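# Report on the structure
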Amino acid sequence: MYEEKVILKNEIGLHARPASIFIREAVKHPCDINIVKEGRIYNAKSIMSVLSMSANQGDEILIRAQGEGDEKAVKSLVDLVENRLTEI
């Protein structure tokens, strides 16, 4: 298992378009990936789960993966949140 914390920087958080981009990246990886926010666990590969998280700008989330390629998956998603979602 591998995990990293990240702060959402983009203006609208993980809603609508940013959430779909995040999920498209998550499903590329064979491992199980979850997001932990305020003690609750959400499936990072499910649009309904990610949207129900109500993650806004400034929120801290923990991205956790377990299985084959878990570290690569987490690092890829952290990079997405920190660098590429800010442009949307």
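Just above, that's the structure.
Numbers given to residues run from 1 along each chain, matching the order in which its sequence is written. With the structure being a predicted model, the display of local features is reserved for residues of pLDDT at least 70 and the display and counting of side-chain atom pairs for 80 or more, all residues being used for whole-chain, interface and lining totals. The side-chain numbers reported here are obtained from all heavy atoms of the structure, hydrogens and water having been left aside.

## Let's talk about the packing of helix α1 (residues 16-26) against helix α3 (residues 70-84)
- Axis angles are defined between N-to-C directions and span 0 to 180 degrees, where every axis is a line fitted to C-alpha atoms and, for a helix, only to the segment in contact. Only DSSP runs of H or I covering at least 4 residues are called helices, and only runs of E covering at least 2 are called strands; the numbering of each starts at the N terminus. Axis separation between α1 and α3 bottoms out at 10 Å; the angle between their running directions is 160°. If you check the angle between α1 and α3, you find them roughly antiparallel. The interaxial crossing formed by α1 with α3 has right-handed handedness. For the pair formed by α1 and α3, the contact residues are I21, F22, E25 and A26 on the first element and S76, L77, L80 and V81 on the second.
- Each residue is assigned to one of three groups, with Ala, Val, Leu, Ile, Met, Phe, Trp, Tyr, Cys and Pro labelled nonpolar, Asp, Glu, Lys and Arg labelled charged, and all others, Gly among them, labelled polar. Residues of the contact of α1 with α3, tallied by class, amount to six nonpolar, one polar and one charged. Under this scheme an angle from 65 to 115 degrees is roughly perpendicular, one under 35 degrees roughly parallel, and one over 145 degrees roughly antiparallel; angles in between are oblique. Each helix crossing is assigned a hand: it is left-handed if the near helix lies turned anticlockwise from the far helix by less than a right angle, otherwise right-handed if that turn is clockwise. By definition, residues are in contact when any of their heavy atoms lie within 4.5 Å.

## Looking at the nonpolar core
- Working definition of a nonpolar core: buried Ala, Val, Leu, Ile, Met, Phe, Trp, Tyr and Cys residues. They are joined through side-chain atoms within 4.5 Å. Exposed residues in this analysis have more than 50% of their type's maximum accessible area, buried residues have under 20%, and partly exposed residues fall in between, with area computed by a 1.4 Å probe over protein chains only. With 26 residues, the main nonpolar core has L14, F22, I33, I35 and I63 as its most contacted residues.
- At the level of secondary structure, the elements contributing two or more residues to this core comprise α1, β2 (32-37), β4 (60-66) and α3.
- Contacts of I33, omitting those with residues within four sequence positions, involve A26, Y42, N43, A44, K45, I63, R64, A65, A73 and L77.

## Brief notes about the sheet that holds β2
- Taken together, the four strands give an open sheet; going across it, the order is β1-β4-β2-β3, and neighbouring strands pair in antiparallel fashion. Unpaired on one side and paired on the other, β1 (2-7) and β3 (40-43) mark the two borders of the sheet. Put simply, the sheet's adjacent strands are angled 25° from each other on average, direction ignored.
- A pair of strands counts as paired when DSSP detects no fewer than two bridges linking them. Of the pairings in the sheet, the one linking β1 to β4 comprises six bridges and is antiparallel in character. Among the inter-strand pairings, Y2 is bridged to a residue of β4, identified as A65.
- Contacts between α3 and the sheet are confined to β1, β2 and β4, with β1 contributing the most and set at about 5° to the helix.

Coordinates in, geometry out; function isn't part of it.
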